[in-house]
Amino acid sequence: MAITQAMCTSFKDELLEGVHDFRSSGGDVFKLALYSSAATLSATTTSYTLTNEVANSGTYAAGGGTLTNVSPATTGTTAFTDFADLSFTSATITARGALIYNSTPAHTYTTPSVVVLDFGGDKISTAGTFTIQFPTADSSNAIIRIS
């Protein structure tokens, strides 16, 4: 089992099909689900799965948390978008990675995947706050960049 950080291949295809809308106003709803080290997630992941998702705890529940979109922008020839940081409170969680997915996609897709995040090791909260801190929303650091 392994979690490998990647922009999902199916996501790249779905961008060309107009499936995802990242606008902060009127865009799709994106979520982030947390996974244990037993999960297998990679560029080939095509949609959200319950398999090896961390257990419900505190404000974390199956399916994860809703992300707040930061409207897409460009700098030079790079387009990028990001999300506001996300926290789960009063939670006892051990997570090795996460999946960002679209919970309200266009067309006939069901919870298509966007990005797999590898934390590089287990991250733990014990009856506390588990926070996902996203990088700066710019062309060099944003969580989703297309150049």
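In what follows, the accompanying structure is described. Here the residue index of a chain counts from 1 through its sequence in written order. Only residues with pLDDT of at least 70 are given local features in this predicted model, and only at 80 or more are side-chain atom pairs given and counted; all residues enter the totals for whole chains, interfaces and linings. In computing side-chain values, all of the structure's heavy atoms are included and hydrogens and water are not.

## Notes on the sheet that holds strand β5 (residues 78-83)
The pairing of strands in a sheet comes from backbone hydrogen bonds and takes either a parallel or an antiparallel form. Pairing between two strands requires that DSSP report at least two bridges joining them. Only runs of H or I of at least four residues qualify as helices and only runs of E of at least two qualify as strands under DSSP, and these elements are numbered from the N terminus. Pairing is antiparallel in the open sheet, where three strands are placed in the order β4-β5-β8. The open sheet has two edge strands, β4 (69-75) and β8 (144-146), and neither has a second partner. On average, each strand axis in the sheet is inclined to that of its neighbour by 15 degrees, with strand direction left out of account. Sheet topology note: the β5/β8 ladder contains three bridges and is antiparallel. What sits directly across from F80, in β8, is R145. Orientation is described by axes fitted as lines to C-alpha atoms, over the contacting stretch for helices, and by angles from 0 to 180 degrees between their N-to-C directions.

## Observations regarding helix α1 (residues 9-17)
Think of it in three bands: residues with accessible area under 20% of the maximum for their type are buried, residues over 50% are exposed, and the middle band is partly exposed, with areas taken using a 1.4 Å probe on protein chains only. Those residues of α1 that sit buried are S10, F11 and E14. Buried residues of α1, seen end-on, are gathered within an arc of 100 degrees and therefore sit on one face of the element. When checking whether two residues touch, look at their non-hydrogen atoms; a contact exists if any pair is within 4.5 Å. Looking at the buried residues of α1, the elements they touch are β1 (6-7), β7 (113-132) and β8. Trailing α1 by a residue or two, G18 shows a phi angle of about 75 degrees, which is positive. Note that the arc is computed from the directions linking the helix axis to the C-beta atoms.

## Quick word on unusual backbone geometry
If you check the backbone angles, N52 has positive phi at about 65 degrees while not being a glycine. Relative to the assigned elements, N52 resides in the loop between β2 (30-35) and β3 (65-66). Phi angles above zero are rare outside glycine, and S90 is one such case at about 50 degrees. Given a relative accessible area of 55%, S90 falls into the exposed group.

Everything listed is a geometric property; what it means functionally is a separate question.
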